[in-house]
Amino acid sequence: DSGVTQTPKHLITATGQRVTLRCSPRSGDLSVYWYQQSLDQGLQFLIQYYNGEERAKGNILERFSAQQFPDLHSELNLSSLELGDSALYFCASSASLSGGPIYQETQYFGPGTRLLVL
Amino acid sequence: DQQVKQNSPSLSVQEGRISILNCDYTNSMFDYFLWYKKYPAEGPTFLISISSIKDKNEDGRFTVFLNKSAKHLSLHIVPSQPGDSAVYFCAASPSNTGKLIFGQGTTLQVKP
């Protein structure tokens, strides 16, 4: 158990809909990362938040957005869903206690949310 | 453009023998490398990491070797156990960023 929790575990929805995935980081961790794992793309970095602020962006679609709340939990919002958005979505967290540049930190992953868009 | 490559999709070894998983990268800005293990329907589990200032790091049965000039790293598991059967991902992090770039994974099967 990494200490990172994600809900829901499974989500089935229809094209055009909007869903919200939730992540609680390990106790004390300030950084949260979101990754997408699809069959053909492997694990892809989407976005990182540090202490409530966006820190880095990867291959995240404009239809997707995220935020990190004052209690440090994070939500990933996926809207106007398409069939190709079906994937595993993982959240990870790291300590980032220094407040400086994120440097050589280990990320600990949650169990993931499996999204199926029909 | 895949910056981190695991060229062997699968590897099968006998219990008790050494497993060697390989990873190549192209970006010289990567300075931190990690190996994760993943079971189906679970999140990646951190195994071991290495900074670019080192060429070897050991943790129990797991050793990671880094060859910066060749832009190559490898994970050695000795001795291999059936419980090691999983998908292994190599990941790299560019300087001063938190994001991880993952390889496509290698499925390891350890036969009893």
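Residues numbered from 1 in each chain as written. Chains lettered and ligands numbered in written order. Predicted model: local features only at pLDDT ≥ 70, side-chain atom pairs only at ≥ 80, totals over all residues. Heavy atoms only, no water.

A.B. asks: I tried to follow the environment of Pro70 of chain A on my own but got confused; where do I start?
C.D. replies: Residues and elements named next belong to chain A. Tracing the sequence through the fold places Pro70 in the loop between strand E7 (64–68) and strand E8 (74–78). On the basis of relative accessible area, Pro70 is assigned to the exposed category, the value being 83%. Sequence-wise, Pro70 and Arg22 are 48 residues apart; in three dimensions their C-alpha atoms are separated by 14 Å. (Helix = DSSP H or I, 4+ residues; strand = E, 2+ residues; numbered from the N terminus. Buried < 20%, exposed > 50% of the residue type's maximum accessible area, 1.4 Å probe, protein only.)

A.B. asks: What is the right way to look at the sheet that holds E7 of chain A in this model?
C.D. replies: Residues and elements named next belong to chain A. Reading across the sheet, the 4 strands line up as E1-E3-E8-E7 and stay open at both edges, with antiparallel pairing between neighbours. Two strands lie at the open edges of the sheet, namely strand E1 (5–7) and E7, each paired on one side alone. Neighbour to neighbour, the strand axes of the sheet diverge by 15 degrees on average, direction disregarded. In this sheet, E8 lies alongside strand E3 (residues 19–24) in antiparallel orientation, the contact comprising 5 bridges. (Pairing = 2+ DSSP bridges. Axes fitted to C-alpha atoms, helices over the stretch in contact; angles between N-to-C directions.)

A.B. asks: For this particular structure, what's the right way to read the packing of aromatic side chains?
C.D. replies: Any pair of aromatic rings gets described here by the distance separating the centres and the angle formed by the planes. The tally for this structure, following the rule as stated, stands at 13 aromatic pairs over all chains. Judged by centre distance (6.0 Å) and plane angle (70 degrees), the rings of Tyr108 of chain A and Phe46 of chain B are edge-to-face. Here Phe46 of chain B lies in strand E5 (residues 45–51) and Tyr108 of chain A lies in strand E10 (residues 108–109), a pairing that spans two chains. Relative to Phe102 of chain B, the ring of Phe109 of chain A lies with its centre 5.9 Å away and its plane at 75 degrees, an arrangement referred to as edge-to-face. With Phe109 of chain A in strand E10 and Phe102 of chain B in strand E10 (residues 101–102), the pair connects residues from two separate chains. Residue Phe109 of chain A is classed as buried on the basis of its relative accessible area, which comes to 3%. Of the aromatic side chains, those joined through ring pairs into one cluster are Tyr35, Phe45, Phe90, Tyr108 and Phe109 of chain A together with Tyr36, Phe46, Phe89 and Phe102 of chain B. (Phe/Tyr/Trp six-rings, centres within 6.5 Å; stacked < 30°, edge-to-face > 60°.)

A.B. asks: Would you mind going over the interface of chain B and chain A with me for this structure?
C.D. replies: Often, the extent of an interface is quoted as the loss of accessible area on bringing the components together. Contacts between the two partners involve 21 residues from chain B and, on the opposite side, 23 residues from chain A. Taking both sides of the interface into account, the surface hidden between chain B and chain A amounts to around 1,700 Å²; carbon and sulfur atoms contribute 56%. Scanning the region where chain B abuts chain A turns up 0 salt bridges. When contributions to the side of chain B that touches chain A are tallied by element, the ones reaching two or more residues are strand E4 (30–38) and E5 of chain B. Take the side of chain B that touches chain A: its biggest share by element is 5 residues, from E4 of chain B. Looking at side-chain class alone, the side of chain B that touches chain A contains 9 nonpolar, 8 polar and 4 charged residues. (Contact = heavy atoms within 4.5 Å. Buried area = accessible area lost by both parts, 1.4 Å probe. Salt bridge = Lys/Arg side-chain N within 4 Å of Asp/Glu carboxyl O. Nonpolar A, V, L, I, M, F, W, Y, C, P; charged D, E, K, R; others polar.)

A.B. asks: What am I meant to see in the sheet that holds strand E6 (residues 56–59) of chain B here?
C.D. replies: Strands belonging to one sheet form pairs held by backbone hydrogen bonds; the direction of such a pair is parallel or antiparallel. All names here are of chain B. The sheet built from 5 strands is open, its strands ordered E1-E3-E8-E7-E6 with antiparallel pairing. The outermost strands of the open sheet, each flanked by one partner alone, are strand E1 (4–5) and E6. Across 4 bridges, the pairing between E6 and strand E7 (residues 62–67) is antiparallel. Bridge assignment links Glu58 to a residue of E7, and that residue is Thr63.

A.B. asks: How do you make sense of a nonpolar patch on the surface when you look at a structure like this?
C.D. replies: Where nonpolar side chains cluster on the molecular surface, the patch consists of Ile12, Leu116 and Leu118 of chain A and spans about 310 Å² of accessible area. Inspection of the secondary structure assignment puts Leu118 of chain A in the segment after strand E11 (113–117). (Patch = residues over 30% accessible without salt bridge, like charges linked within 9 Å, V, L, I, M, F, W, Y side chains within 5 Å. Areas by Shrake-Rupley, 256 points an atom, 1.4 Å probe, with all protein chains shown as cover.)

A.B. asks: I'm lost on the pattern of salt bridges in this one. Help?
C.D. replies: Note on pairing: side chains with opposite charge can pair once their charged atoms come close. Residue and element names in this part refer to chain A. In the structure shown here, the tally under the stated rule is 5 salt bridges over all chains. Between Arg26 and Asp29 there is a salt bridge, and its shortest N-O distance comes to 2.8 Å. Since its relative accessible area comes to 24%, Arg26 is described here as partly exposed. By relative accessible area, Asp29 is classed as buried at 3%. Put simply, Arg63, Glu82 and Asp85 are held in one network by salt bridges that share partners.

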